[in-house]
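Take a look at the letters that make up each chain.
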Amino acid sequence: MKRLLIVSFLVAAAVGVNVTYDHRALVIDGKRRVLVSGSIHYPRSTPDMWPGLIQKSKEGGLDVIETYVFWNLHESVRNQYDFEGRKDLVKFVKLVADAGLYVHLRIGPYVCAEWNYGGFPLWLHFIPGIELRTDNEPFKAEMKRFTAKIVSMMKEENLYASQGGPIILSQIENEYGNSDIESRYGPAAKSYVKWAASMATYLNTGVPWVMCQQRDAPDPIIDTCNGFYCDGYKPNAENKPTMWTENWTGWFLSFGGAVPYRPVEDIAYAVARFYQRGGTFQNYYMYHGGTNFGRTSGGPFIATSYDYDAPLDEYGAPRQPKWGHLKDLHKAIKLCEEALVATDPTTTSLGQNVEAGVYKTSSTCAAFLANIDTQNDATAEFNGNSYHLPAWSVSILPDCKNVVFNTAKINSMTTIRRFVATSFRDELSYSKAISSDWSYVSEPVGISSNDAFNKQGLVEQINTTADQSDYLWYSVSIEIKGDEPFLHDGSQTTLHVKSLGHVLYLFINGQLEGRAIGNANHPDFSKDIPVTLKHGKNKLDLLSLTVGLQNYGAFFDKTGVGITGPVELEGLTDGSAVDLSSQQWTYQIGLKGEALGLNTGGSSLWVSGSPESQPLTWYKTIFDAPSGDYPIAIDFTGMGKGEAWVNGQSIGRYWPDYIAPVSGCSDCSYKGSYSPTKCLKNCGKPSQKLYHVPQSWLKSSGNVLVLFEEIGGDPTKISFATQELESLCSRVSESNPLPMEAWSQDKSTRKSKSKPRVSLECPHPNQVISSIKFASFGTPQGKCGSFSHGECQSTDALSILEKACIGSRTCSIGVSTTTFGDPCIGVVKSLAVEASCA
Ligand code: GAL
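Residues numbered from 1 in each chain as written. Predicted model: local features only at pLDDT ≥ 70, side-chain atom pairs only at ≥ 80, totals over all residues. Heavy atoms only, no water.

Q: How would you summarise the environment of Tyr505 if you had to cite specific residues and measurements?
A: Topologically, Tyr505 is positioned in strand β25 (residues 503–508). Placed 136 residues apart in sequence, Tyr505 and Leu369 show a C-alpha to C-alpha distance of 58 Å. Not counting chain neighbours up to four residues away, the residues in contact with Tyr505 comprise Leu512, Gly514, Arg515, Asp541, Leu542, Leu543, Leu545, Lys641, Glu710 and Ile711. A polar side-chain atom of Tyr505 sits 2.6 Å from a polar atom in the side chain of Glu710. (Helix = DSSP H or I, 4+ residues; strand = E, 2+ residues; numbered from the N terminus. Contact = heavy atoms within 4.5 Å. Polar contact = N/O pair within 3.5 Å; in protein donor to acceptor, adjacent residues only side chain to side chain.)

Q: Which residues make up the site of the ligand, and what are the values?
A: Among the 15 residues in the neighbourhood of the ligand, the closest are listed as Tyr68, Ala113, Glu114, Glu175 and Tyr308. Between the ligand and the protein, one listed contact pairs an oxygen atom with a side-chain N or O atom of Asn174 at 2.9 Å. At a separation of 2.3 Å, an oxygen atom of the ligand approaches a polar side-chain atom of Glu175. In isolation the ligand offers 310 Å² of accessible surface; the protein chains occlude 95% of this area. Among the residues making up the shell around the ligand, the classes are represented as ten nonpolar, two polar and three charged. (Near = heavy atom within 4 Å. Areas by Shrake-Rupley, 256 points an atom, 1.4 Å probe, with all protein chains shown as cover. Nonpolar A, V, L, I, M, F, W, Y, C, P; charged D, E, K, R; others polar.)

Q: Describe in detail the confidence of the model for the chain, supporting the description with residues and values.
A: Averaged over all residues, the pLDDT of the chain is 93; the fraction at 70 or higher stands at 94%. Counting interchain partners and residues more than four positions distant, the pLDDT-below-50 stretch residues 1–12 has zero contacts. For residues 424–435, every residue scores under 50 in pLDDT, and the model assigns this stretch 26 contacts once sequence neighbours within four places are set aside. (pLDDT = per-residue confidence, 0-100.)

Q: Outline unusual backbone geometry, listing residues and values.
A: A cis amide bond, omega 0°, links Gly501 with the succeeding residue His502. Here His502 is to be found in the loop between β24 (492–499) and β25. Pro566 follows Gly565 through a cis peptide bond whose omega is 0°. Along the chain, the position of Pro566 falls in strand β29 (residues 563–570).

Q: Can you explain the sheet that holds strand β1 (residues 19–21)? Please cite residues and give values.
A: One open sheet accounts for three strands, arranged β1-β2-β3; its pairing is antiparallel. In this open sheet, the two strands that pair with only one neighbour each are β1 and β3 (31–33). On average, each strand axis in the sheet is inclined to that of its neighbour by 40°, with strand direction left out of account. Both β1 and strand β2 (residues 26–28) contribute to a ladder of three bridges, which runs antiparallel. Following the sheet pairing, Tyr21 is matched in β2 by Leu26. (Pairing = 2+ DSSP bridges. Axes fitted to C-alpha atoms, helices over the stretch in contact; angles between N-to-C directions.)

Q: Explain the packing of aromatic side chains to me, using residue names and the numbers behind them.
A: Evaluated as defined, the whole model comprises 54 aromatic pairs. Aromatic side chains Tyr110 and Phe120 sit 5.7 Å apart centroid to centroid with 50° between the ring planes, which places their arrangement in the tilted category. Residue Tyr110 is located in the loop between β6 (102–108) and α5 (137–156), and its partner Phe120 is located in the loop between β6 and α5; the two are separated by ten residues in the primary sequence. The exposure class assigned to Tyr110 is buried, which follows from its relative accessible area of 1%. When its relative accessible area of 1% is taken as the criterion, Phe120 is described as buried. Aromatic side chains Trp473 and Phe507 sit 5.7 Å apart centroid to centroid with 55° between the ring planes, which places their arrangement in the tilted category. With a gap of 34 residues between them, Trp473 in strand β23 (residues 471–480) and Phe507 in strand β25 connect regions that are remote in the sequence. When its relative accessible area of 1% is taken as the criterion, Phe507 is described as buried. (Phe/Tyr/Trp six-rings, centres within 6.5 Å; stacked < 30°, edge-to-face > 60°. Buried < 20%, exposed > 50% of the residue type's maximum accessible area, 1.4 Å probe, protein only.)

Q: Just give me the short version of helix α7 (residues 264–276), but keep the residues and values in it.
A: Here α7 contains 13 residues, and its C-alpha end-to-end distance of 18 Å stays within 8% of the 18 Å for a straight helix at 1.5 Å per residue. Of all 13 residues in α7, 13 are buried; the element is thus mostly enclosed. Positioned one or two residues after α7, Gly278 has a phi angle of 110°, which is positive. (Expected span 1.5 Å × (residues − 1).)

Q: Give me the pairing of strand β17 (residues 385–389): which residues, what numbers.
A: Direction of pairing for strand β16 (residues 378–382) relative to β17: antiparallel, over a ladder of five bridges. If you follow Thr379 over to β17, its bridge partner there is His388. The turn joining β16 and β17, which pair antiparallel and follow one another in sequence, is formed by two residues; a positive phi near 50° is taken by Asn383.

Q: Explain the environment of Leu312 residue by residue, including any values.
A: Its location among the elements puts Leu312 in the loop between β12 (279–288) and α8 (322–335). Owing to a relative accessible area of 0%, Leu312 belongs among the buried residues under this scheme. Once residues within four sequence positions are removed from consideration, Leu312 is found in contact with Leu53, Lys56, Ser57, Tyr287, His288, Gly289, Ala317, Pro318, Arg319 and Trp323.

Q: Residue-level account of the pairing of strand β36 (residues 649–654), with values.
A: The element β36 is extensively covered by neighbouring structure, given that five of its six residues are classed as buried. In this structure, strand β35 (residues 642–646) lies alongside β36, joined through five bridges in antiparallel fashion. Across the sheet, the residue bridging to Gly642 is Tyr654, located in β36. Linking two consecutive strands that pair antiparallel, namely β35 and β36, is a turn of two residues; a positive phi of about 50° is found at Asn647 within it.

Q: Outline the state of the cysteines, listing residues and values.
A: In total, this model carries eight disulfides according to the counting rule given. The disulfide bridge from Cys762 ends at Cys837, spanning 2.2 Å between sulfur atoms. Between Cys762 and Cys837, the S-S torsion sits near -90°, and that sign places the bridge as left-handed. On the criterion of sequence distance, the pair formed by Cys762 in the loop between β41 (757–761) and β42 (769–778) and Cys837 in strand β44 (residues 830–837) is long-range, its members being 75 residues apart. Neither Cys762 nor Cys837 differs from the other in exposure class; each is buried. This cysteine, Cys112, is not joined by any disulfide, and Cys212 carries the nearest cysteine sulfur, 9.3 Å off. (Disulfide = S-S within 2.5 Å.)

Q: I'd like a rundown of the nonpolar core, residues and numbers included.
A: Of all hydrophobic cores here, the largest spans 143 residues; its most connected members are Ile150, Met154 and Leu329. With nine residues, the top contributor of residues to this core is α7. When near neighbours in sequence (up to four residues on either side) are disregarded, Met154 contacts Leu89, Val90, Val93, Leu105, Leu159, Tyr160, Gln163 and Ile167. Membership of the second largest hydrophobic core comes to 46 residues, among which are Val441, Ile632, Val646 and Leu705. (Core = buried A, V, L, I, M, F, W, Y, C linked by side-chain atoms within 4.5 Å.)

Q: Could you give me a rundown of empty space enclosed by the protein, with the residues and numbers involved?
A: Rolled over the atoms, a probe with the dimensions of a water molecule shows which regions are left empty. Taken as a whole and assessed by the stated rule, the structure comprises one cavity of 30 Å³ or more. Quantified by volume, the largest cavity comes out at close to 60 Å³. When residues of the lining of the largest cavity are traced back to their parent elements, those giving at least two are α8 and β19 (405–406). In terms of residue class, the lining of the largest cavity is built from six nonpolar, three polar and two charged. (1 Å grid on protein atoms, 1.4 Å probe; cavity = no way out; pocket = protein on both sides within 12 Å on 5 of 7 lines; lining within 4 Å. Points joined across faces, edges and corners; volume = space filled by probe spheres on them.)

Q: Tell me about the sheet that holds strand β4 (residues 35–40), and please be specific about residues and values.
A: Pairing in this closed barrel of eight strands is parallel, and the strands run β4-β5-β6-β7-β8-β9-β10-β12 around the ring. Going from strand to strand, the sheet's axes swing by 30° on average, the running direction of each strand aside. Relative to strand β7 (residues 167–172), β6 is paired through five bridges, and the arrangement is parallel. Residue pairing for β7: Val103 is matched across the bridge by Ile167. α5 rests against β6, β7 and β8 (209–212) of the sheet, and its axis sits at about 160° to β6.

Q: How would you explain helix α13 (residues 797–805) if you had to name every residue and give the values?
A: An α-helical turn contains 3.6 residues, so any two residues separated by three or four positions project in the same direction. Residues of α13 that are buried: Ala797, Ile800, Leu801 and Cys805. The arc that holds every buried residue of α13, seen down its axis, measures 110°, which confines them to one face. Phi for Gly807, located one or two positions after α13, is positive at around 90°. (Arc of directions from axis to C-beta.)

Here it is as C-alpha cells:
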C-alpha cells in the first residue's frame, strides 16, 4: 500500500502543467494567477544559504523566485562547463521547487546585473569577426549554443512546469530595447531581436518567454517592464499580460559611493499602484542581493556587497520592517486575487490626485484607493464611506469596503541589527591552539615573470589580460644623463598619465610615488604625479588595475581599460616634455603571487611578521571561526585595497579606504518619486568596510586568511564582526489597519472586535524577549533606537508590555484604550515599543 502511494505521488509530481497567458494574467494549469516574485542570484550566496533564503522568501509571500543565469560563471573557458558548488543552478532550481515555489529563469545570456562584463565570458570578445548583441553570425552561434545548453539541462531534469517542474517563465536578452542601447546598433538590432525571439521560442520550453524593456518583442514573447515604478505599463499586444520583471528594492553600491536605500512605504506604493492599474506579475530586484564574491562584480567599481537594501539583507536576515510590510502587502493583494484576474480595473477620480481602481464583477469586488499627491493627505469618499489616505499611499480594499492595508502604515516590527567586532587576537587567545601570527610575502615591483613581453607603445588592458587578472604592469626605463633640463632644478618633475581606468599605482625605482583612481561615473583619469628621478637608469613601473568590467551600455564590451597615454615627464625647466608613450614597454599580466597561488596560503615563501604599510604585500594568518551562529564579516578597517581569500575562496575585492563623498546624504522622505541618489547613507565613510565570510567556508579552527594588499595597511587591525540583533521595535497607530491575520480569504469571517496590534518576535527561535527598553502609548516621538515620550502618554505602558512580552519569543498586544487607558481623549494615539532579545 505504502509503495503504491509513493508511486502515484511520483507520477502526480511528474505531470506537467500548462503555462500560458492571456490579456489579464499568466495562466497556470488553466487558472489565471496574480504572482509575486523576487530575485535571488544563486552565485551571490552559498548553497547552504539557499534553503533558508528560499524559505524566508516563501514566508514573505513570494510565489516565484527569479534568477539570471551567469554565462561567464558556467563557461569561463569555452566549451568547458562548470555547475559545481555556488554554480549549481539545477540544485538551486530544485530547492525552489522543494519549497513549492515557481522559478523565472532569465537566461539572458547577457544579463547586466552589475556582474563582470554583463555575464559574457571574455573569450567571446576574441572570436574573429564577432560583434556582441547584434545580428552577427559568430555571436548568434555562441548565444544560441549557451541558451540551448541551459534549456536542455533544465529539460533533462524535468524542471519546466510543462514537465512537472517549477520553471514557469524564461527570459531572453535583457533590456536591449532601452533607448540608449538598441538604437545604437543600427538596423541590425531589429533583426537581432527577431532572431533572439525565434531562437528562444524554437527551444520549446513549453512555458512563455519574456523580453524586458523590449517594446517590440515579437509574438509570442511578452514584453515586460523594469523600473522603480511600472504602473500604467501596457504590453504590445492585447493578449499579453502586464508584467514587471524588475522592481528595484534599493540600488547597488559602488566603491567610492554612499550606500543607497529605498523606503518600504515607497516600494509598497509602487507595487500597489502596479496591481491597481492592471498588473498581475511583479518581481523584486533584488529580494536577496547577496555578495559579489571573487572578481564577479561588474561596473566598473561595483562594490563587493550587493546588499541592494533588499528585503533579505546581504547575510540573509529579513530586513525589517521592509520584509514584513511587503509580506502584509502580498497578503492584501492575494485577498484581491479573485477579482484581479476576473476583469480589467475601472479607474475613477475621487478628487485631485486621488484615484480609485476597482475590479468588479457580479460576484466579486476589490478596490485600490490611491493618493498620489507627494505632500498632502486626503480624505476620499468611496462607495458611501469615507477613507483617510496619507500622501503617496494606496489603501487596499479586497471587498471594496474594508481597508486591510495601506502602503504608508506599517504594522510590521522593525529590527536593528549591528555588527559587533571581535578582534582576531582576542578570538585567538580564547583558543590557545592557534597563534595570532601573521606572515607575509612581498610582491615584486614591476616585471618578475618569464612570461613578460615587450611592445612598442601602450596597450589596451582587457585585450591584453583577457581579464585573467585585475593587474597589468607597464614598465619602462629612462636614463638620466645629468644634462636634461629638468635636473637643473633638483630632480623633481611630474609624470603626466592618461588612462581609461580604473586604478593606477606609479612606482619609481621600486617606490610607490603616487596613485590615480577613477570612479563609477568616470572610470578614466588624467593625473600629474610629482616624481623624483636619479642620475642614471630609472625604472618606471605602472601597475594598472581593473575593478570589475563594465556591464551596461551599448558596446560596453568594447570600452577599453588601461593606460592609453600620453605618459610623459613634464615640468621641465625649459618647458619641454619627454613623451614615453611610444617607447618600448615591458608588460606583465598578473602578479607573481597569483601565478604562485599564494591565495591558498601554501608556498614556502611566507615570512613571519606583518610589516605595516608596505604596498604590494601578501599577508596570511590562521584563525578560529568566531563562536556562535551569527553571520560573519571581516572588518577591513586599517587596510587599503586588495582581495581576500578564506580557505582559498575569494570573499571579494576589499577597499575600505575608498570613502564616500561627505555630501549627498540627508533624511529622505518616502513621498514622491524615488531615484538612486534620493536616499543615501554612510556619507564620508568607507563605501564598504565589512565583507561577508560565508559560514560554510569556515571550519571551527585552522582557517587560512590570505590578503593581497596593494596600497599598504596594518593587518593586525583587521577584526571579525558578527551580525547581532540590537533591538526589536514597533510603532502602530490606532488608525492603522488591523493585522493581516484578522482578514481571511472568506471575507465574512473577519473578527469583529479586532484592533490594530503591536507584534514582536525574536528572530532566533532559541531567543526570548529579555527587556523592554522603551514603551509608550500616546503620542511617542522618534524612531526605533531613539523613541521618546510625547506630550501624552499612558502611565503603565511599560509594565503592561513587560508583563506581556518578557520571557516569550513572541508577543502581541492590542493598540487600544481598553488595554492602556486613555491618556488624551480625542487624540489618535500610537503604541511604540523597543525591546531586546537574549
Ligand atoms: C537593470 C538590469 C539589471 C540590473 C539593474 C540595476 O537595468 O536589467 O540587470 O543591472 O538594472 O541593478
